[in-house]
Amino acid sequence: MKTKTILRTLTAAAAFAFVAQVSATETIVIKGSDTLGAKMVPQIAEAFKAQKAKAGIEVAFEIAAEGSSTGVASVIDGTAEIGMSSRDPKAKEVAKAKANGIDMQTITVAKDGIAIIVNESNPLTAISLEEIELIFSGDATDWSAIAAQTGSISAYTRNTSSGTYAVFQKLGMSSRDYGSDTQKMAGNEQIASEVAKNPNGIGYVGLAYINTPGVKVLPVNGAAPDSAAYPLARPLYYLVNNGKALTPLADEFIKFSLSAEGQEIVKRVHFLPIK
Amino acid sequence: MAAKPKTDHNKPAFSKRRALFLGQDSDSIIKAFFGSNAMVAIVILALITIFLFKEGAGFAGLYHKSLEEYRLSGLEYVDVLKEKREGYTELTRYLNDVKSDWINELKDSGASQAEINKAVFSPESKALFFGYMRAGSDLKKFVKTKMDVAIEIRDQHTTNENLRETIANYTKRIAQIQSDRYEFSPEDRAKYILLLRDNPDARTGAEITDETVLDQKDREQFAALLQAESEQTEGTIQPVDFYTAIEDVTSEQARYAEILNELEAKLTTVVASADAINFNSADIDGRITTFKKLNASYFAGIEKHKAKLADWDQKASVTLFQSLGAFLTGKDWITASDQQDWYGLLPLLTGSLLISGIALIFAIPFGVGAAIYVNQIAGHAERNFIKPYVEFISAIPSVVIGFFGVVVFGEAIRLLSQLEFLQWVPFFPVQERLNAFTAGCLLALMAIPTIFTLAEDAINNIPRHFKEASLAMGATPLQTTMRVIVPTALSGIISAIMLGFGRVIGETMVVLLCAGNRIKIPDFTEGVGVFVEPVHTMTGIIAQEMGEVVQGSLHYRALFMVGIVLFFVSLLINFSAQWIVKRYSKLGD
């Protein structure tokens with residue numbers, strides 16, 4: 001008899017705690033690009049959480065970073081409040097959103113350069129867009145095509161669902177298809193480490209990864225990745241559904257990301273602030 | 001002496017008394033429990049199979065539609081145009097290869113980097129190598145323009161289809177609103193408020209809040225506003241007529257012919273300039289001669305190419321069967337392309353088979369050998385050590401093995417391959433640490449326990465009298481093992497190998513991490529070198545791309561089709577393993 005009472009009390013207490021938990025914290029669901037979701041958004045989220053905690057408001061974040069395509073898709077089917085994307089939504093996706101009654105809006109939060117990296121033993125010191133296209137489209141398969149060195153090129157790319165994959169195709173390869181000799185790696189990290197180990201390797205990574213030991217960044221058309229004229233830069237977006245009002249908290253979060261404090265974090269994780 | 005414990009000899013070992021529950025005794029309840037467990041397993045398996053086929057079923061239709069659009073929009077025509085460009089690129093590559101040979105020979109002859117630069121960047125050699133590369137820019141530009149036109153036609157068509165779907169959704173929604181039983185849902189209310197914000201004159205009266213009661217008039221108003229929006233959307237459709245639009249793609253034939261003529265003239269002069277360079281090597285001179293011949297045959301092919309362009313028929317129909325064939329025999333797997341997505345199985349299938357083949361080359365001798373040793377030759381203590389040890393390997397999670405492959409094994413192979421005294425090995429030095437060989441070796445590790453355990457069981461199942469009879473005839477223990485035991489157990493051993501093969505081909509994590517993920521049919525002309533090429537696999541592609549595709553899209557269905565193929569491969573392997581045991585088992589003869 002006694003155990004039963006204790007059990008009942010415990011259950012009630014647990015249920016109460018659960019309810020209290022639910023009413024006190026609000027969750028912001030963010031899904032999409034792993035370029036944004038790897039470091040930048042989680043860090044902004046932490047800072048935002050800390051700021052809110054001071055005001056006595058508990059905020060929880062659910063951040064899933066699986067690729068820009070998922071960001072667009074989750075805004076379309078409403079599973080995320082904010083989507084993250086490292087590329088413009090495709091015409092197909094906008095039309096699909098429209099078909100579902102969703103007016104997709106993009107908010108630029110930062111800019112990202114795609115850096116071209118080669119092994120540090122590579123004598124090459126600069127590269128042109130034209131040469132990048134030659135290499136990644138598979139037209140040139142040997143280093144001798146662009147330099148006075150030999151060795152078959154190992155070109156490492158992101159995998160097909162990555163936003164960087166599509167953006168690089170547009171910015172660096174005049175929208176041509178990747179050559180069939182390119183190798184599709186799981187992420188920035190893997191590209192950087194393969195290039196660091198392979199003297200004939202070349203790949204592209206986000207700016208956060210250029211300090212990997214053993215790799216060397218090549219200026220493109222004479223411009224370094226952090227200069228204004230760098231041809232391989234792209235905006236990073238939040239995606240929201242314009243047709244439905246955001247929760248006040250999500251709205252505040254977006255404003256926070258664009259504020260001076262948010263942009264400071266953007267700089268810290270090696271992206272370019274928008275202002 | 002202590003008294004004997006009292007034993008009741010009349011009491012049976014098993015009690016016959018049974019408790020009843022809901023009119024059933026415990027025996028039938030236990031039977032029903034086990035029966036239902038088996039049933040659930042079967043039902044779940046059936047559901048998985050049905051799901052797999054259901055998701056894959058739409059593929060043929062969608063791919064058919066995509067291929068039809070590919071033909072109608074003229075993208076196929078552009079691909080024919082591209083053939084000549086590809087041929088030119090191929091020649092450029094050949095020339096580069098010659099250049100790289102030349103640089104290597106200069107290096108071997110002891111020239112310094114400055115001297116090499118001087119030779120390679122001399123005006124004559126620039127005229128040849130860079131001149132050749134530049135000569136094709138007009139051709140490239142022409143093909144690119146045509147491609148953009150064709151892509152635009154196709155994209156406009158896709159946009160129109162989406163818009164039509166939108167309008168159909170509007171119509172459905174309006175019909176719902178106009179029916180009498182309709183009540184405003186929260187989404188509709190939000191939409192209505194949004195529409196009113198854009199059309200402030202539409203509703204007179206107070207602001208709508210979440211509590212406002214919406215009446216019949218609001219419903220009519222809402223329907224009218226939606227209708228207006230739908231009509232506006234309809235206005236944005238720009239119809240595409242494939243048969244007239246194609247003219248923008250196929251026009252300018254004369255200009256194209258001219259470009260090809262110019263290219264021929266330019267290339268001829270550029271190639272002739274090769275004679276001005278002194279390569280100092282009979283080898284390279286020979287390659288230049290071959291290059292000239294290749295150019296000649298490239299030029300000779302121009303007429304045939306033009307004929308092919310003229311023969312291209314936009315109206316030729318694509319059958320469902322052809323689209324399935326394009327999947328099963330397709331050599332390209334290109335997704336997220338601006339031009340055309342291709343879903344061809346061959347690069348993935350050959351990749352999977354190559355890796356499995358490598359794995360089996362290692363796993364069969366080790367697995368079967370260990371089984372024979374443990375069962376026939378090893379002593380008791382040895383057996384008690386080896387058997388659990390080998391079987392323990394299968395307890396290592398595959399992701400751990402994969403990680404080990406990336407960080408340790410792949411790198412070790414690469415470093416080893418660069419050692420000077422090992423250069424006689426055909427495919428050394430290895431440039432990629434992630435390749436079919438790395439993945440195959442690790443998979444062999446995972447197949448060994450399967451093959452070992454099952455083969456050992458098969459040998460163990462040989463009746464004792466086979467061995468005794470053989471020994472009695474005067475055969476040595478080794479003769480008995482090799483001539484009697486192993487041949488008798490052969491069907492079981494082969495079946496063990498088949499199941500090991502099934503284990504390997506279905507493995508995902510290791511191949512995803514270690515195979516290098518290059519979607520291209522391995523180049524088998526390389527001989528043994530094919531082992532160290534990076535490949536992609538059927539399991540790997542599903543794991544890599546499934547998480548991120550839009551549900552129900554062509555890409556999604558294509559991945560399920562790969563899953564179905566994998567399913568049939570596994571089914572076939574398991575089926576033949578059982579068949580071999582039944583058909584060739586020598587026991588009981």
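In this text, all values refer to a predicted model and were calculated from it rather than measured experimentally.

In terms of helices and strands, chain B carries 21 helices and four strands. The C-alpha atoms of chain B give 35 Å as radius of gyration, which overshoots the globular expectation for 589 residues (25 Å, by more than 25%). In terms of principal-axis extent, the alpha carbons of chain B reach across some 115 × 95 × 45 Å. Split into buried and exposed, the 589 residues of chain B put 43% on the buried side. The long-range fraction of contacts in chain B, counting pairs at least 24 apart against all pairs at least 6 apart in sequence, stands at 78%. For chain B, the exposed area adds up to about 32200 Å²; of that, 61% sits on carbon and sulfur atoms. Looking at charge distribution, chain B has the averaged site of its 58 positive side-chain charges lying 9 Å from that of its 69 negative ones.

Before going further, it helps to examine the packing of aromatic side chains. Residues and elements named next belong to chain B. For the structure shown, the criterion picks out 31 aromatic pairs over all chains. Seen in terms of ring centroids, F142 and Y256 are 5.1 Å apart; in terms of plane orientation they differ by 20 degrees. Their pairing is stacked. Note that F142 is positioned in helix α6 (residues 137-178) and Y256 in helix α10 (residues 253-272), a separation of 114 residues in sequence. Taken individually, F142 and Y256 each receive the classification buried, so the pair is uniform in this respect.

All names here are of chain B. Viewed as axis vectors pointing N to C, helix α13 (residues 346-377) and helix α16 (residues 436-460) meet at an angle of 35 degrees, and their least axial separation amounts to 6 Å. Our pair here, α13 against α16, has a crossing hand that is right-handed. Its residues assigned to classes, the contact of α13 with α16 shows 26 nonpolar, five polar and one charged.

Our next topic: the nonpolar core. Counting residues in hydrophobic clusters, the biggest one holds 62 residues, and the most contacted among them are I355(B), L443(B), I459(B), I493(B) and V510(B). Counting residues per element, the ones that place at least two in this core are α8 (188-197) of chain A together with α13, α15 (398-417), α16, α18 (477-505) and α19 (509-514) of chain B. At 14 residues, the largest contribution of residues to this core is made by α16(B). Excluding residues within four positions of it along the chain, I355(B) makes contact with A436(B), A439(B), G440(B), L443(B), V511(B), A515(B), V535(B) and T537(B). In terms of nonpolar packing, the next biggest core, distinct from the first, is built from 49 residues, W102(B), V143(B), A245(B) and L309(B) among them.

Note on strand geometry: in a regular strand, side chains alternate between the two faces of the sheet. Residue and element names in this part refer to chain A. Burial within strand β4 (residues 104-119) is extensive, with 12 of its 16 residues counted as buried. Here five bridges tie β4 to strand β7 (residues 201-206), and the two strands are oriented antiparallel to one another. Bridge pairing in β7 links I114 to G206. Alignment of β4 against strand β8 (residues 215-218), held across four bridges, turns out to be antiparallel. Among the inter-strand pairings, V118 is bridged to a residue of β8, identified as K216.

Next up on the list: the interface of chain A and chain B. Size of an interface, as often reported, equals the accessible area lost when the parts are brought together. Listed per partner, the contact involves 47 residues of chain A and 44 residues of chain B. With both sides pooled, the region where chain A packs onto chain B buries about 4100 Å², and carbon together with sulfur makes up 45% of that total. Counting across the chain A and chain B interface gives four salt bridges. The partner of K520(B) in a salt bridge is D181(A), and the shortest N-O contact between them spans 2.7 Å. Counting the contacts that link chain A with chain B gives 18 residue pairs in polar contact (both at pLDDT 80 or more). Among the elements of the structure, α4 (68-76), α5 (91-99), β5 (154-158), α7 (163-172), β6 (183-185) and α8 of chain A are those that each provide at least two residues to the side of chain A that touches chain B. A per-class count over the side of chain A that touches chain B returns 11 nonpolar, 24 polar and 12 charged.

As a further point, take unusual backbone geometry. Residues and elements named next belong to chain A. Positive phi is not limited to glycine here, since S175 has a value of about 65 degrees. Structurally, S175 is set in the loop between α7 and β6. When its relative accessible area of 17% is taken as the criterion, S175 is described as buried.

Residues and elements named next belong to chain B. Side chains of M39, V43, L47 and I50 sit close together on the surface and give an oily, nonpolar patch of about 390 Å² of accessible area. Inspection of the secondary structure assignment puts I50 in helix α1 (residues 26-57). The exposure class of I50 is exposed, given its relative accessible area of 53%.

Now for the side chain of T480(B). Here T480(B) shows up in helix α18. Residues contacting T480(B), with those up to four places away along its chain left out, are K467(B), S470(B), L471(B), A475(B) and I485(B).

Turning our eyes to something else, we now look at α15(B). Residue G405(B) marks the point of greatest curvature in α15(B), where the axis turns by about 50 degrees. Inspection of α15(B) places I401(B), G402(B), G405(B), V406(B), G410(B), E411(B), I413(B), R414(B) and S417(B) among the buried residues, and these make up the whole buried set. Turning to α15(B), the residues buried within the fold contact α8 of chain A together with α16 and α19 of chain B.

What follows concerns the state of the cysteines. All names here are of chain B. Tallying each qualifying case throughout the model produces zero disulfides over all chains. Of all cysteine sulfurs, the one in C514 lies closest to C441, which takes part in no disulfide; the gap is 10 Å. Residue C441 is classed as buried on the basis of its relative accessible area of 16%. Given a relative accessible area of 0%, C514 falls into the buried group.

All names here are of chain B. As for its placement among the helices and strands, K54 is situated in helix α1. Using a relative accessible area of 53% as the deciding quantity, one classes K54 as exposed. Separated by 417 residues in sequence, K54 and L471 have C-alpha atoms that sit 58 Å apart.

For the rest of this paragraph, the subject is the confidence of the model for chain B. Regions with low pLDDT carry predicted coordinates that are not meant to be interpreted in detail. Residue-level pLDDT values for chain B average 86, and 94% of them are 70 or greater. When mean pLDDT is compared element by element in chain B, α13(B) scores highest at 94, while helix α7 (residues 186-198) of chain B scores lowest at 71.

Below, the discussion takes up the pattern of salt bridges. Residue and element names in this part refer to chain B. By the definition in use, this model includes 33 salt bridges over all chains. Two residues, K54 and E55, come together in a salt bridge whose shortest N-O distance is 3.0 Å. Residue class for E55 comes out buried when judged on its relative accessible area of 10%. Note that E161 and K65 form a salt bridge whose closest N and O atoms lie 3.1 Å from each other. Here K65 lies in helix α2 (residues 59-72) and E161 lies in helix α6, a separation of 96 residues in the sequence. For K65, a relative accessible area of 35% gives the class partly exposed.

Rules used in this analysis
Residues numbered from 1 in each chain as written. Chains lettered and ligands numbered in written order. Predicted model: local features only at pLDDT ≥ 70, side-chain atom pairs only at ≥ 80, totals over all residues. Heavy atoms only, no water. Helix = DSSP H or I, 4+ residues; strand = E, 2+ residues; numbered from the N terminus. Rg over C-alpha atoms; globule rule 2.2 N^0.38 Å. Buried < 20%, exposed > 50% of the residue type's maximum accessible area, 1.4 Å probe, protein only. Contact = heavy atoms within 4.5 Å. Areas by Shrake-Rupley, 256 points an atom, 1.4 Å probe, with all protein chains shown as cover. Lys, Arg positive; Asp, Glu negative; His and termini not counted. Charge placed at Lys NZ, Arg CZ, Asp CG, Glu CD. Phe/Tyr/Trp six-rings, centres within 6.5 Å; stacked < 30°, edge-to-face > 60°. Axes fitted to C-alpha atoms, helices over the stretch in contact; angles between N-to-C directions. Left-handed = near helix turned anticlockwise from the far one by under 90°. Nonpolar A, V, L, I, M, F, W, Y, C, P; charged D, E, K, R; others polar. Core = buried A, V, L, I, M, F, W, Y, C linked by side-chain atoms within 4.5 Å. Pairing = 2+ DSSP bridges. Buried area = accessible area lost by both parts, 1.4 Å probe. Salt bridge = Lys/Arg side-chain N within 4 Å of Asp/Glu carboxyl O. Polar contact = N/O pair within 3.5 Å; in protein donor to acceptor, adjacent residues only side chain to side chain. Patch = residues over 30% accessible without salt bridge, like charges linked within 9 Å, V, L, I, M, F, W, Y side chains within 5 Å. Bend = angle between axes of the 7 residues up to and from the residue. Disulfide = S-S within 2.5 Å. pLDDT = per-residue confidence, 0-100.

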